[in-house]
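Summary of the model geometry
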Number of protein chains: 2
Amino acid sequence: MEERVKCTSLRSRIKSAKEAASMIKTGMTVGTSGFTPTGYPKAVPEALVEMVRDDDDFRINLYTGASVGQGLDGIMAEAGIINKRMPYQTNNSMRKALNSGDVHYTDIHLSHFAQQIRYGFYGKVDIALIEAAQITEEGYIVPTTSVGASPVFCSEAEQIIVEINTGKPLDLCGIHDIYQPEDPPNRKPIPLVNPVDRIGKPYIEVEPDKIKAIVITDQEDDPIGFAPVDENSSKIARNLIGFFEKEVEEGRLPHNLLPLQSGVGSVANAVLKGISDSEFKDLVFYSEVIQDNVLDLLDEGTFRFASGTSLTLSPDGFKRFYQKLEEYREKVLLRPMEISNNPEIIRRIGSIAMNTAIEADIFGNVNSTHIMGSKMMNGIGGSGDFTRAGYLSIFTTPSIAKNGDISAIVPMVSHVDHTEHDVNVIVTEQGLADLRGLSPIQRAETIIKNCAHPDYKELLNNYLKNIQNEAPHTPHQMSRALSWHEKFVNTKSMR
Amino acid sequence: MEERVKCTSLRSRIKSAKEAASMIKTGMTVGTSGFTPTGYPKAVPEALVEMVRDDDDFRINLYTGASVGQGLDGIMAEAGIINKRMPYQTNNSMRKALNSGDVHYTDIHLSHFAQQIRYGFYGKVDIALIEAAQITEEGYIVPTTSVGASPVFCSEAEQIIVEINTGKPLDLCGIHDIYQPEDPPNRKPIPLVNPVDRIGKPYIEVEPDKIKAIVITDQEDDPIGFAPVDENSSKIARNLIGFFEKEVEEGRLPHNLLPLQSGVGSVANAVLKGISDSEFKDLVFYSEVIQDNVLDLLDEGTFRFASGTSLTLSPDGFKRFYQKLEEYREKVLLRPMEISNNPEIIRRIGSIAMNTAIEADIFGNVNSTHIMGSKMMNGIGGSGDFTRAGYLSIFTTPSIAKNGDISAIVPMVSHVDHTEHDVNVIVTEQGLADLRGLSPIQRAETIIKNCAHPDYKELLNNYLKNIQNEAPHTPHQMSRALSWHEKFVNTKSMR
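Residues numbered from 1 in each chain as written. Chains lettered and ligands numbered in written order. Predicted model: local features only at pLDDT ≥ 70, side-chain atom pairs only at ≥ 80, totals over all residues. Heavy atoms only, no water.

1. A closer look at the sheet that holds strand β17 (residues 359-361) of chain A
Spatially, the three strands line up as an open sheet ordered β18-β17-β24 (chain A), and their pairing is mixed. Bordering the open sheet on either side are β18 (366-367) and β24 (409-410) of chain A, each of which pairs with just one other strand. (Pairing = 2+ DSSP bridges. Helix = DSSP H or I, 4+ residues; strand = E, 2+ residues; numbered from the N terminus.)

2. Regarding empty space enclosed by the protein
Taken as a whole and assessed by the stated rule, the structure comprises 14 cavities of 30 Å³ or more. Around the largest cavity sit 24 residues that line it, and Val413 and Val416 of chain A together with Met412, Val413 and Val416 of chain B are the ones nearest its centre. Per-class residue counts for the lining of the largest cavity are nine nonpolar, 11 polar and four charged. (1 Å grid on protein atoms, 1.4 Å probe; cavity = no way out; pocket = protein on both sides within 12 Å on 5 of 7 lines; lining within 4 Å. Points joined across faces, edges and corners; volume = space filled by probe spheres on them. Nonpolar A, V, L, I, M, F, W, Y, C, P; charged D, E, K, R; others polar.)

3. Some details on the interface of chain B and chain A
The interface is formed by 78 residues belonging to chain B together with 78 residues belonging to chain A. Summed over both sides, the interface of chain B with chain A buries roughly 6500 Å², with 54% coming from carbon and sulfur. Residues Glu344 of chain B and Arg348 of chain A are paired through a salt bridge, measuring 3.1 Å at the closest nitrogen-oxygen approach. Put simply, chain B and chain A have 40 residue pairs in polar contact (both at pLDDT 80 or more) between them. Within the residue set of the side of chain B that touches chain A, elements represented by two or more residues are β4 (82-86), α4 (92-99), β5 (104-105), α5 (110-119), α13 (343-349), α14 (383-389), α15 (440-450) and α17 (483-491) of chain B. (Contact = heavy atoms within 4.5 Å. Buried area = accessible area lost by both parts, 1.4 Å probe. Salt bridge = Lys/Arg side-chain N within 4 Å of Asp/Glu carboxyl O. Polar contact = N/O pair within 3.5 Å; in protein donor to acceptor, adjacent residues only side chain to side chain.)

4. Points about a negative patch on the surface
Residue and element names in this part refer to chain A. Taken together, the side chains of Asp54, Asp55, Asp56 and Asp57 make up a negatively charged region of the molecular surface. Following the sequence through the fold, Asp55 ends up in the loop between α2 (43-51) and β3 (60-63). Judged by its relative accessible area of 36%, Asp55 falls in the partly exposed class. (Patch = residues over 30% accessible without salt bridge, like charges linked within 9 Å, V, L, I, M, F, W, Y side chains within 5 Å. Areas by Shrake-Rupley, 256 points an atom, 1.4 Å probe, with all protein chains shown as cover. Lys, Arg positive; Asp, Glu negative; His and termini not counted. Charge placed at Lys NZ, Arg CZ, Asp CG, Glu CD. Buried < 20%, exposed > 50% of the residue type's maximum accessible area, 1.4 Å probe, protein only.)

5. What to know about the pattern of salt bridges
Scanning all chains against the criterion turns up 70 salt bridges over all chains. The partner of Asp209 of chain B in a salt bridge is Arg13 of chain B, with the nearest N and O atoms 3.0 Å apart. Here Asp209 of chain B is found in the loop between β8 (159-165) and β9 (211-217), whereas its partner Arg13 of chain B is found in the segment before β1 (14-15), with 196 residues between them in sequence. Taking the relative accessible area as the measure of exposure, Asp209 of chain B reaches 49% and is therefore partly exposed. For Arg13 of chain B, a relative accessible area of 22% corresponds to the partly exposed category. With its nearest N and O atoms 2.7 Å apart, the salt bridge here joins Arg85 of chain B to Asp73 of chain B. Of the two residues, Arg85 of chain B is situated in strand β4 and Asp73 of chain B in helix α3 (residues 70-79); the sequence distance between them amounts to 12 residues. Judged on exposure class, the residue Arg85 of chain B and its partner Asp73 of chain B are both buried. One salt-bridge network, held together by shared partners, links Lys246, Glu247, Glu250, Arg252, Asp434 and Arg436 of chain A.

6. A few points about the nonpolar core
In terms of nonpolar packing, the biggest core is built from 232 residues, with Phe244 of chain A together with Phe244 of chain B touching the most fellow members. In this structure, Cys451 and Trp484 of chain A together with Cys451 and Ala481 of chain B belong to the second largest nonpolar core, which totals 66 residues. (Core = buried A, V, L, I, M, F, W, Y, C linked by side-chain atoms within 4.5 Å.)

7. Topic: unusual backbone geometry
Keep in mind that most residues, glycine aside, have a negative phi and that most peptide bonds are trans. For the bond from Pro184 of chain A to Pro185 of chain A, the omega torsion is 5°, close enough to zero to count as cis. Between Met86 of chain B and Pro87 of chain B the backbone carries a cis peptide bond, its omega angle lying at -15°. On the secondary structure map, Pro87 of chain B appears in the loop between β4 and α4. With a phi close to 55°, Leu257 of chain A is a non-glycine residue in the positive phi region. Tracing the sequence through the fold places Leu257 of chain A in the loop between α7 (231-249) and β10 (260-262). Look at Asn403 of chain A: it is not a glycine, yet its phi comes out positive at around 55°. Positionally, Asn403 of chain A belongs in the loop between β22 (400-401) and β23 (406-407). By relative accessible area, Asn403 of chain A is classed as exposed at 80%.

8. Quick word on the state of the cysteines
Residues and elements named next belong to chain A. All chains considered together, the criterion is met by zero disulfides over all chains. This cysteine, Cys173, is not joined by any disulfide, and Cys7 carries the nearest cysteine sulfur, 14 Å off. Its relative accessible area of 22% is what places Cys173 among the partly exposed residues. (Disulfide = S-S within 2.5 Å.)

9. Things to note about helix α16 (residues 454-468) of chain A
Since the α-helix advances by 3.6 residues per turn, residues separated by three or four positions end up pointing in the same direction. Residue and element names in this part refer to chain A. Taking 1.5 Å of rise per residue, the 15 residues of α16 would be expected to cover 21 Å, and the 21 Å separating its terminal C-alpha atoms lies within 8% of that figure. Buried within α16 we find Tyr456, Leu460, Tyr463, Leu464, Ile467 and Gln468. Projected down its long axis, α16 carries its buried residues within an arc of 120°, all on one side. Structural note: α16 exposes Glu458 and Asn466 on the side pointing more than 90 degrees away from its buried face. (Expected span 1.5 Å × (residues − 1). Arc of directions from axis to C-beta.)

10. Side note on the sheet that holds strand β17 (residues 359-361) of chain B
All names here are of chain B. As summarised here, the arrangement of the three strands in space is β18-β17-β24, forming an open sheet in which the pairing is mixed. Here the strands that pair on one side only, and so sit at the sheet edges, are β18 (366-367) and β24 (409-410). Pairing of β17 with β18, which is carried by two bridges, proceeds in the antiparallel orientation. Within β18, the residue paired with Ala360 across the bridge is Val366.

11. A word on the relation of the copies chain B and chain A
Each copy superposes on the other: chain B lies on chain A with an RMSD of 0.0 Å after a rotation of 180° and an axial shift of 0.0 Å. On the angle and the small slide along the axis, the relation comes out as a two-fold axis. No C-alpha of chain B approaches the rotation axis more nearly than that of Glu344 of chain B, which lies at 2.2 Å. (Least-squares fit on C-alpha atoms with pLDDT ≥ 70 in both.)

12. Here we look at the environment of Glu486 of chain B
The residue Glu486 of chain B is located in helix α17 in this model. For Glu486 of chain B, a relative accessible area of 28% corresponds to the partly exposed category. Sequence separation between Glu486 of chain B and Met372 of chain B is 114 residues, and the spatial gap between their C-alpha atoms is 8.2 Å. In this structure Glu486 of chain B touches Met478 and Ser479 of chain A, once residues within four positions along its chain are discounted.

13. Focus: the confidence of the model for chain A
Per-residue confidence for chain A gives a mean pLDDT of 97, with 100% of residues at or over 70. This complex was scored by the predictor with a pTM of 0.98 and an ipTM of 0.98. (pLDDT = per-residue confidence, 0-100.)

14. What about helix α3 (residues 70-79) of chain A?
Residues and elements named next belong to chain A. Regarding α3, the residues found buried are Leu72, Asp73, Gly74, Met76 and Ala77. On its buried face, α3 is in contact with β2 (29-32), α2, β3, β4 (82-86) and α4 (92-99). Just downstream of α3, Gly80 is the residue with a positive phi angle, here 70°.

15. Here's the deal with the packing of helix α2 (residues 43-51) of chain B against α3 of chain B
All names here are of chain B. As a packed pair, α2 and α3 sit with axes 9 Å apart at the nearest point and diverge in direction by 10°. With respect to α3, the element α2 is oriented roughly parallel. Contacts between α2 and α3 pair Pro45, Glu46, Leu48 and Val49 from the former with Gly71, Leu72, Ile75, Met76 and Ala79 from the latter. (Axes fitted to C-alpha atoms, helices over the stretch in contact; angles between N-to-C directions. Parallel < 35°, antiparallel > 145°, perpendicular 65-115°, else oblique.)

16. Here we look at the pairing of strand β13 (residues 303-308) of chain A
Residues and elements named next belong to chain A. Most of β13 is tucked away, with five of its six residues classed as buried. In terms of strand pairing, strand β11 (residues 283-286) meets β13 through four bridges, oriented parallel. What sits directly across from Leu283, in β13, is Phe303.

In structure tokens form, the structure reads like this:
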């Protein structure tokens, strides 16, 4: 314990999870560590849910870095103790709760969230609840396997509860680079010019006296799965890598490309696998989430550096990471999401943004959050930060879903998260549409031809041609624009 | 002329407009100066249109900074010689041409356009056609009343044609600050930390030998009107200024606010008038367009500095500006649009972005480009640059249009330019909706209550309530979401 809580004056604040949880009162806003189901607090949430089980009126606002695990989002949603949830989630129970109207969910660009907490846009943060590997001699906090919004919660909250997780190795110390920008109008340029740059400290500086409770635990994060690569994902990856090769050939991308951003899931994994199999090398990864396959690419030398805000590894991936931690320390950095997702940096370094669409329309608008216009899937997360500010913005999706009853290419998306102004390239297993410099009608023709599934091509062309004479710029018929979704809602098929 | 073309070796390139125009061949891409109808070339376009009048096959691509005047967009659209147009326009004839499908128009974030020209996303620029006040001794180009995308056209084009406009005073020299960022991955931070900072040169550096023709003209820009302030605009302004006062009171904005960005038009003018009448002083304006009322605010000391990319002044405004040029030189700077609209800077300085919506929906999505989903009005311009990267993003619109037959607040917008993730505040003459931190359903209730016109409140509430039990997160019915637009298309009224 001496190594875990080095600040001697704080050792008296070591408490049980129950004692710490009792600091959390109804009506409070709690900001926690965690970004993807890793590095989030578990002991205090569990104790809290146990404690307030019979209190029907108990409600808190839960703010996190991004998604967190069942041991936080899940149990709290199931206990019905969340009033407001920000800025992102992926948990089944939480999704159910917000789609049933039990939880108010605000879906925010991750790069906006951290600074807007500091600006006071979302009210006071009462308690920061942070999983840590260590409290330093000075009373500073070393995060564990993710950073997310922890720095801003620690600076803004009135009180801090630290969960020291002894299940996570002390060797994690040094893997973090914590930098918090000033606020306008006094803000200076963020001094990161190369994705490998260290610009901050290896810990979160806090006023030690704000740490009111330290809880010792060894509870594990939810085990993180790794989406297998299927045939369609491989086809999408091949289409995309062919495009990169052409861009290099034509001088629009350097031979080692530009810093890559990539989400999670089958397609993202297929793309990284495809890059591993390609001729590309000496690449840099500047993204949010570092998954198992990023370790593969680092090991084989395809990637020379990976910067993110969370280690989203499988149990085997963590074992491997911890075993070779001294080696990875030179090639991996975890940053606050205000830096990993910062548009100033993303634009400066020229990210290649690769994200997943739920659906795209023929004019290039992308829906990445809502099913049939109403039901929230996860949230926009960091996709908007990278898409808007990146050098190139790419969206991938299989051309059909639900055995073909849903076309991912539709006349009009049922919700817009990324506008036609922001989408450079759309890729499906059918092909790739390079939309740069195309007018709406040219975009429509290209997307239908290259990306739509053969079963839906004629229907899409009919939609376009029916109205094109009347409204040639952006041909749309208000009475039919959303008729495919309407049909699916009524008949369970867009056909 | 010695003062206008100081570079002696270039004087032999002085040619007639017709000679210069003959350099422009069919199929070429021409990038011109101009941002709003000021500072755009006039003599060569006029000669070109005259020259190719009988050539049915003659077509060029026209790229500009933003909108330009009748003497460029208008006459070329009327002559039918434009194939592709980027990135923004406001001209009647051009609007007609693109909405009839005669012109391919690509509507691009202004901050993206300049860098993506350099990246090669939009093909080669054959000729840069630039209005200038002077060619310096070194052969560099001093722009006139706007900068726009001129620097990037000059650096990327193979040949440059300069129109020296002797109708614009030589005293304009020194009012420009030209800085062009490097490209990734070698880009450094843009060194602008305060809106008053000079970071570049007072001229566009070019390879002098690329200047193949110099045309002397004194043709005037279109006279720029100034939208009068009506009663509804004044009400919108009062609602907004009340909000600013509250934000200052609650510590979320400093006493002199943060750098203001504002568009053009009646509401924008009313807001600046309102600020002039308020207690606010010592403000900074960091925007695109400097109109007559900005001079008023500078003169009276409400603004201490104004940075933009164009002087969009009335004839009287220009007279006044030129008369006191020595004084304004200390308080006014014109920058390339890649800097005026740069998200790195906008986020750093913390802009307050104030832009106009055509319509907004109850969930906070904003349409600023398309009428009834199909017909292009102007384009997104710089509104997305400021909205996404600013400290606060605000959209204004009167609550109704066309004598009440159109509600500007609708169930679902017919086109999305600014998503629910990007819109903090919506203001109409009815009131103001502060959307920060609200869930979709809370946003809907707030917008209907505070912003919708009384004639449409019940209809909007009915839409929401009808479906809210079925789809509580983002209540939408695909069959009715666009029914208000459908009704207007069919009956000329949403009622």
